[in-house]
Amino acid sequence: MTMKILLINPPRSPINNILAYAPAEAKRFIHKKLIGPPLGLLTIAAAAKDHDVEVLEMKGEYDLHPDSPAPDMLVRSVLASFKPDVVGVTFIASEFYAGMDIFRTVKNFDPGIKTVAGGLHTVLSLRDFDDACVDFVCPGQSADVFMNLIHALEQNAAPDSVGGLYFRKDDAMVKASAPRSVWDACNVNFIRPDRSKIKKWISTYTVGGRIEPSTYIFTSLGCPHECSFCSIWPQFGKQFYQRDLESIIDELKAVDDYPIVRFSDANTIVDAAFISRLFDRILEEGIRKEYIMDIRFDTAVAYPELIEKLARGGLKVVICGFESYREEELIKYKKGADAKLISQAIEIFHKNGVSLRGNYVIPPDYTEDDFKAMADYASSHPVVYAGYTILTPMPGTTYYQEVKKNIIDHDLAKYNFFNSVMQTALPIEKFYENTGKLWLIKKGTDVI
C-alpha cells in the first residue's frame, strides 16, 4: 500500500524586537530570516521514496509569495488537493506554536490524518508534544523510526512495535516498548536529502545579496564542545560524528543547482586532517563551488595553514561565534577558548580573503557602560559581517537549567535570539535599541 505523506516546514516566528527597536540605518543589516532548505524533511522524503511524498516549504512559499494565504488556509488548500494519509512537521523552539497550529488545522480538516512531529525541539522538549493534535513523535535523527511507523500504519500494526517512537495512548504520550536498532545517520545509514522536492522554492535560498541559490550539506553531526547556551551538543548526547569523506564528495557532485554550499555543521573543523583531505578531494574532482563554514576562532589560530588552503579551495564566508571579548564571559559560557585569540583569528581570515561574520551574544544584564565597551571593542576589531544576538536560555541547554527561575517570558515564539525572555538591566526598549545599534559596527555594507 502506497501512503500519501505530506511533510511541512512551518513558517518562521515573526517576532524580532532587535529589528523593531533598531535605528533605521541598522535595520537592513539585522537578520530577518535564516536561509536554507529543511534537510531533515528532505531526508525523510528520500527515505520514503517508495511512497507518494510532497513537501510544503512554508518559509520558501512566503518568501516567494508574501501575499500567500494565511498559514491555516495555505495548509488546508494543500490538504484538499493532496489528501495525505500522514502529515509530518519539523520543529524548532521559535516555530513550535506555528507547527502545532498546523497539526490542529490538519485534525480539524480530517481527524483521520496521522500527525508526526520531528526536529530539534522534539529532542529537547518532548513533553511539549503531549497534545491531542499530535499522534506520533520521532525525535532526533530518526528516518528509520519514521519509515518503521509508515510500515506499521500500512499493516495496521501497533505503534508500540516501532522502536524509538513516541505515540499517543490513553490521552498521554508514551514511548514504544520495542527496542530501537542502532541508526548511524552520519555514515552507514546516511540518506542523501531529496532536494527535488523543493525545486519550486530554490530561488529563495540566497545569501549575501547573491542571486545564485545555496544549499546546506552537513559533514558532521554533534559537537565535542559544551558551550552552555548551545542546544546542538545536548541533542547528540555530547557525541561527535564525522561523515564519510567520499559520501560528502558524492553529494557535492549531485548539487549542480547550487553553486554555493553552506556546511551546516556546528563546527566544520573538528578533525583538521579530515577537512584537509576533503579539500584535496574537492580539488581532485574538479568541484568548483563557493563555501560557507562555521569555524571557531581558536581553531583558525591553531590551523592558519588550513584556513589558507580552504580559501584557495573556495571558502568565501566564515561564521564565527566570538560570543564575547571578555574572558570572564567566555568562561561563564564554557566556550573553552581565550578571548585574546579573536583578534588573531580576524587577521587570519581577512589575510586569506575570507569574509568573516563575527557573532556576539548580548546578556540581558548589559548596562549602558557594557554596550559602550562592546561597541568600542567591535569597532577596533571590525569584521565584514557582524551579528549581535541576545543570550537566550534555549530549552534543553545547560544555560536554561542555570537561569530557568529567572525567565519571565515563556512565549516560545520569542526564542530565536532576537528577543530577551529574561529581565534586562536597562529598560527593555533601550536594551533592544542598543543591541540594534551594534549591528552598524562592521567593515562591509553587504548583508548575510
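Up top is the structure these notes are about.
Let me sum up the structure you'll find in this document. (Residues numbered from 1 in each chain as written. Predicted model: local features only at pLDDT ≥ 70, side-chain atom pairs only at ≥ 80, totals over all residues. Heavy atoms only, no water.)

What follows deals with the pairing of strand S3 (residues 86-90). Burial runs high along S3: four of the five residues are buried. Note: strand S1 (residues 4-9) against S3, four bridges, orientation parallel. Each residue of the ladder has a partner; that of Ile5, found in S3, is Val86. Pairing analysis gives five bridges linking S3 to strand S4 (residues 114-118), with the strands arranged parallel. Counted as the bridge partner of Val86 is Lys114 from S4. Each parallel crossover has a hand, and the one from S3 via helix H5 (residues 96-109) to S4 is right-handed. (Buried < 20%, exposed > 50% of the residue type's maximum accessible area, 1.4 Å probe, protein only. Helix = DSSP H or I, 4+ residues; strand = E, 2+ residues; numbered from the N terminus. Pairing = 2+ DSSP bridges. Right-handed = clockwise from strand over helix to strand, strands pointing away.)

Attention now goes to unusual backbone geometry. The phi angle at Asp170 is positive, at roughly 50°, despite the residue not being glycine. The backbone phi angle of Phe417 is positive, close to 80°, even though this residue is not glycine. Note on placement: Phe417 falls in the loop between helix H16 (398-403) and helix H17 (428-438).

Our next topic: H17. Listed in full, the buried residues belonging to H17 are Phe431, Tyr432, Asn434, Thr435, Gly436 and Leu438. Turning to H17, the residues buried within the fold contact helix H1 (17-21), strand S14 (355-362), helix H15 (368-380) and strand S15 (385-390). (Contact = heavy atoms within 4.5 Å.)

As enumerated under the stated definition, the model contains 27 salt bridges in all. Across the pair Arg262 and Asp294 runs a salt bridge whose closest N-O atoms are separated by 2.6 Å. Here Arg262, found in strand S11 (residues 260-263), pairs with Asp294, found in strand S12 (residues 290-294); they are 32 residues apart in sequence, far enough to count as distant. Exposure remark for Asp294: the relative accessible area of 14% places this residue in the buried category. (Salt bridge = Lys/Arg side-chain N within 4 Å of Asp/Glu carboxyl O.)

Turning to the nonpolar core, a few remarks are in order. Formed by 150 residues in total, the largest nonpolar core has its most connected members in Phe146 and Tyr388. The element contributing the most residues to this core is helix H7 (residues 143-154), with eight residues. Once residues within four sequence positions are removed from consideration, Tyr388 is found in contact with Ile18, Tyr360, Ile362, Met374, Ala378, Thr435, Leu438, Trp439 and Ile441. In terms of nonpolar packing, the next biggest core, distinct from the first, is built from seven residues, Leu39, Cys186, Phe190 and Phe218 among them. (Core = buried A, V, L, I, M, F, W, Y, C linked by side-chain atoms within 4.5 Å.)

Once that is clear, we can look at the sheet that holds S14. Pairing is parallel in the open sheet, where six strands are placed in the order S8-S11-S12-S13-S14-S15. Strands with a single pairing partner mark the edges of an open sheet, and in this sheet they are strand S8 (214-217) and S15. Ignoring strand direction, the axes of neighbouring strands in this sheet form an average angle of 20°. Here S11 runs beside S12; their pairing, made up of three bridges, is parallel. Its bridge partner lying in S12, Val261 is registered against Tyr291. Contacts from H17 reach S14 and S15 within the one sheet, and its direction differs from that of S15 by about 165°. (Axes fitted to C-alpha atoms, helices over the stretch in contact; angles between N-to-C directions.)

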